[in-house]
Amino acid sequence: PPPRRVLLLGEGNFSFAAALCGARATHVVATCYESEEEAAGRGGAARSLRRLRDSGAEVVFSVDCTKLKEHFLPGKREFDRIYFNFPHCGRKAGVVKNRQLLAGFFHSCAEVLAQEGEVHVALCNGQGGTPADQPRREWHNSWQIVAVAAGAGFILSHIHPFKAETIEGYKCTGYRSQDKSFCVEGALNHIFTRSTAPMCSTPMTCQTQLGSQKVSFQVPQVLVDKINRGFLEVNSSHPVRTVKEKLSAGLSQAFPLQNISACLPLLQQGCPGGVCHSNIFWITLSPGEAPGTGKMSQGLADAVLCSHFGQDTDENVQEGCPAPEQFYLRPSLLPHAQAIMKKGAFSPGTLQVLSGPVFRKCRITPHSMPAFHEMLVVLAVSRGTENSCVQVLVDNIKTTMNSLHQGTSGVKPSISLQEAASFGTELSDFAAFERQLGEIQHFLCVGTEPDPPGSCVGVIRAAPDELKSHELVVVSASLNLDLLAMLLCGISDWRMLWTWDRRFLRQFPEGKLRLFQSFSLYPPSYVHDVSFWLPDGQDFDEVAFHTLARRVSGEMVVSIQLRDNFQQPGTGRRSLCYRVTFQSCDRALGCREAAEMQLHLREEMQQHLGVTLR
């Protein structure tokens, strides 16, 4: 629908406003910085002003774009669209003054723009400082419009050429405060929208079923926005659920299928054998709620107590395993499948499907997620047929993925099965953690044609001892649904799957998969370095450092790179220097907010990591 109220700022001769005033059901408010006498002296201004007034438009003079609230009464402040074409401080003002002008303008817009409104800013080619400018200026020599707008809570949602020749009667004017035109060749129109508000850092308590009773625990701060999101629930249109449902439908064509994902407990208890403890989110139950093992129903206790993932090794088990009553958020659904098998509730030949979110501490990389949705399929087959069963599983997944790709018209995925022995030691965080859980026969890898397969999205295991049977072998496949959804929908940043911005799910109505169009273009990034001395004789836990950065920034850290590893001669003291890059994928992040995050990170590092800042 056309915007109801449109505000135009900095009109020189009002020719742009006059071109818009004929729009049906739109009330135009045209303004300029000059007085009426000064504005009327510009070439063609008198004719445009008559046209505006004849059409019922409102004309206001002497309007300061940085103080918009002062010019409009409270009942007339909500504009659906604000235009500011070729803003300029006047005369020979440099880029710094024009950035300041834009900063004041955007902060002022935040006070008079409707919640779903848009801010349109047209700039000459090169001024904006985005990759859309051709040629692109050096960052310091541009107006840095996206970063400036972010400081006021706006994100760049669209950008397209400003085609002055298509606007009937429009004549650009005001260059250096004169009745001269700006160079509009290659000019760009930048369209900004409001960003969602920053996540609230209030501690969150979660209640979950543990055995025969409900218990409460405080959610780790880094996971507050990822607990109980309901992406896999029946009424969800999230692409992660769509991928899960399509895979299940495809697998049901080859095997009888039973879904047993309901009521799987979030918590597990004991010592996760074989798993590096620094990858685990340890949990303390709320006071007075820790259940004794005697109070827990034995059937469910098997699913949460003493989960033996793999074999303990010196490389992946830290000394001082937590006490048996210690709880942790489930890092895998595999123990639940093992518990079902131990109870005998397992039908040979029937594909058992478990799905739900799992939680793992990990390093910050584009495809490493502290929370993701796992789909675990388990099947008991006759001994000697496990290889053919694996091939049927993989072929079925390939067919489903290719079918989903045709619906999104994205880049065709290339799916391959790779022997675990051929992977070597260079593994993604997902693949490395899965290897800790137990022996892997194959990695399921997905690339994009014509590129070779590379990203591990699943693992396949064949465990002959799980059922203690001489006739049967258990074949299981663990799939990362989040990575599959990212691949199919062209989502480059995993954080976008967890956004609270409603514009994300609007792109997937009724669970239909399609190529994702980002609503936050060219988000600014801010680079900060931090260097520190390590405690004598202690190694540095990088995973703990990355997890701390996630928590402090609210997932605004997109990269952490080691820049220097220095050992002081004589004393042997070690110093590390890391480069931390802050960037948001879905909301506004200004330079001041990023700097505050960096200061907070430094304080938390001293307190929780025991380092001495340099």
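Computed from a predicted structure; not experimentally measured. (Residues numbered from 1 in each chain as written. Predicted model: local features only at pLDDT ≥ 70, side-chain atom pairs only at ≥ 80, totals over all residues. Heavy atoms only, no water.)

Enquirer: Tell me about the overall build of the protein chain, and please be specific about residues and values.
Expert: The helix and strand tally for the protein chain stands at 14 helices and 23 strands. Across the 614 residues of the protein chain, 53% fall into the buried class. Long-range contacts, defined as pairs at least 24 residues apart, comprise 72% of the intrachain contacts of the protein chain with a sequence gap of at least 6. When the accessible area of the protein chain is evaluated, it comes to approximately 28,200 Å², of which 49% is carbon and sulfur surface. (Helix = DSSP H or I, 4+ residues; strand = E, 2+ residues; numbered from the N terminus. Buried < 20%, exposed > 50% of the residue type's maximum accessible area, 1.4 Å probe, protein only. Contact = heavy atoms within 4.5 Å. Areas by Shrake-Rupley, 256 points an atom, 1.4 Å probe, with all protein chains shown as cover.)

Enquirer: Account for the sheet that holds strand S22 (residues 574-582), with residues named and values stated.
Expert: Whenever strands of a sheet pair, they do so through backbone hydrogen bonds, lying parallel or antiparallel. Read from one edge of the open sheet, 4 strands run S21-S22-S20-S23, paired in antiparallel fashion. A strand with exactly one partner marks an edge of an open sheet, and here the two such strands are strand S21 (557-567) and strand S23 (612-613). Both S21 and S22 contribute to a ladder of 9 bridges, which runs antiparallel. Bridge pairing links Gln-561 to Arg-579 in S22. Strands strand S20 (526-533), S21 and S22 of the sheet are contacted by helix H13 (residues 542-553), whose axis makes an angle of about 140° with S21. Seen against the sheet, helix H14 (residues 591-609) touches S20, S22 and S23 and runs at an angle of roughly 15° to S20. (Pairing = 2+ DSSP bridges. Axes fitted to C-alpha atoms, helices over the stretch in contact; angles between N-to-C directions.)

Enquirer: A description of unusual backbone geometry should follow, citing residues and the corresponding values.
Expert: In this structure, Pro-135 follows Gln-134 across a cis peptide bond, with omega equal to 0°. Along the chain, Pro-135 turns up in the loop between strand S5 (113-123) and helix H5 (145-150). Not every positive phi belongs to a glycine, and Ser-62 is a case in point at roughly 55°. You can see Ser-62 is positioned in the loop between strand S3 (58-60) and strand S4 (79-85). A residue is classified by how much of its surface remains accessible, and Ser-62, at 41% relative accessible area, is partly exposed. At Gln-144, a residue that is not glycine, the phi angle is positive and equals roughly 50°. Structurally, Gln-144 can be placed in the loop between S5 and H5. Judged by relative accessible area, which is 15%, Gln-144 ranks as buried.

Enquirer: Describe the nonpolar core, with residues and values.
Expert: By size, the foremost hydrophobic cluster in this structure holds 95 residues, and its most contacted members are Leu-223 and Leu-329. The element that contributes the greatest number of residues to this core is strand S15 (residues 371-382), accounting for 9 residues. Every residue in contact with Leu-223, bar those within four places of it in the chain, is listed here: Phe-281, Leu-329, Phe-359, Pro-370 and Ala-371. The next biggest cluster of nonpolar side chains, apart from the first, holds 31 residues, and it includes Val-60, Phe-84, Val-119 and Leu-123. (Core = buried A, V, L, I, M, F, W, Y, C linked by side-chain atoms within 4.5 Å.)

Enquirer: Let's hear about the packing of aromatic side chains: which residues, and what values?
Expert: Going through the model one piece at a time under the given rule, you end up with 24 aromatic pairs. For the ring pair Phe-540 and Tyr-578, a centre distance of 5.9 Å and an interplane angle of 40° mean the geometry is tilted. A residue pair is termed long-range when its members are at least 10 positions apart, and Phe-540 in the loop between S20 and H13 and Tyr-578 in strand S22 qualify at 38 residues. The exposure class assigned to Tyr-578 is buried, which follows from its relative accessible area of 2%. (Phe/Tyr/Trp six-rings, centres within 6.5 Å; stacked < 30°, edge-to-face > 60°.)

Enquirer: Any details on the pattern of salt bridges? Residues and values, ideally.
Expert: Considering all chains together, one arrives at 19 salt bridges under this definition. Asp-80 is the partner of Arg-4 in a salt bridge, and the nearest nitrogen-oxygen pair spans 3.9 Å. Here Arg-4 is found in the segment before strand S1 (5-9), whereas its partner Asp-80 is found in strand S4, with 76 residues between them in sequence. In this structure, Arg-587 engages Glu-593 in a salt bridge whose closest nitrogen and oxygen atoms are separated by 2.8 Å. (Salt bridge = Lys/Arg side-chain N within 4 Å of Asp/Glu carboxyl O.)

Enquirer: For the environment of Ala-477, give the residues involved together with the corresponding values.
Expert: Tracing the backbone shows Ala-477 in strand S19 (residues 472-480). Residues Ala-477 and Val-353 lie 124 residues apart in sequence; the distance between their C-alpha atoms is 9.7 Å. Apart from residues lying up to four places away in sequence, Ala-477 is in contact with Met-375, Leu-376, Val-377, Val-459 and Ile-460.

Enquirer: Which residues make up the sheet that holds strand S13 (residues 327-329), and what values do they have?
Expert: Across the sheet, 3 strands lie side by side as S11-S13-S12; this open sheet has antiparallel pairing. In this open sheet, the two strands that pair with only one neighbour each are strand S11 (267-269) and strand S12 (282-283). Sheet topology places S11 next to S13; 3 bridges connect them, and they run antiparallel. The residue of S13 that forms the bridge with Gln-268 is Tyr-328.

Enquirer: Residue-level account of the side chain of Ser-48, with values.
Expert: Tracing the backbone through its elements, the reader meets Ser-48 in helix H3 (residues 45-54). Leave out the neighbours within four places in its chain, and Ser-48 touches Asn-13, Phe-14, Ser-15 and Ala-18.

Enquirer: Describe the pairing of S20, listing the residues and the values that go with them.
Expert: Remember that side chains alternate between the two faces of the sheet whenever the strand is regular. Pairing geometry for S20 and S22, over 8 bridges, is antiparallel. Across the sheet, residue Ser-531 finds its bridge partner in S22, namely Cys-577. Note: S20 against S23, 2 bridges, orientation antiparallel. By the bridge assignment, Phe-532 is partnered in S23 with Leu-613.

Enquirer: Tell me about the packing of H13 against H14, residues and numbers included.
Expert: One way to put it is that H13 packs onto H14 with a least axis distance of 10 Å and a crossing angle of 135°. By the criterion of interaxial angle, the relationship of H13 to H14 is oblique. Seen from above, H13 lies across H14 with right-handed handedness. Mapping the contact onto sequence places Ala-544, Phe-545, Leu-548, Ala-549, Arg-551, Val-552 and Ser-553 in H13 and Met-597, His-600, Leu-601, Glu-604, Met-605, His-608 and Leu-609 in H14. (Parallel < 35°, antiparallel > 145°, perpendicular 65-115°, else oblique. Left-handed = near helix turned anticlockwise from the far one by under 90°.)

Enquirer: Residue-level account of the side chain of Gln-144, with values.
Expert: Here Trp-139 takes part through its backbone oxygen, which lies 3.1 Å from a polar atom of the side chain of Gln-144. Not counting chain neighbours up to four residues away, the residues in contact with Gln-144 comprise Arg-99, Gln-127, Gly-128 and Trp-139. (Polar contact = N/O pair within 3.5 Å; in protein donor to acceptor, adjacent residues only side chain to side chain.)

Enquirer: Can you lay out the confidence of the model for the protein chain for me, pointing to particular residues and giving the numbers?
Expert: The predicted model of the protein chain averages 85 in pLDDT, with 87% of residues at 70 or higher. Counting interchain partners and residues more than four positions distant, the pLDDT-below-50 stretch residues 293-320 has 63 contacts. A low-confidence stretch, residues 449-453 stays under pLDDT 50, and its non-local contacts, those more than four residues away or across chains, total 11 contacts. (pLDDT = per-residue confidence, 0-100.)

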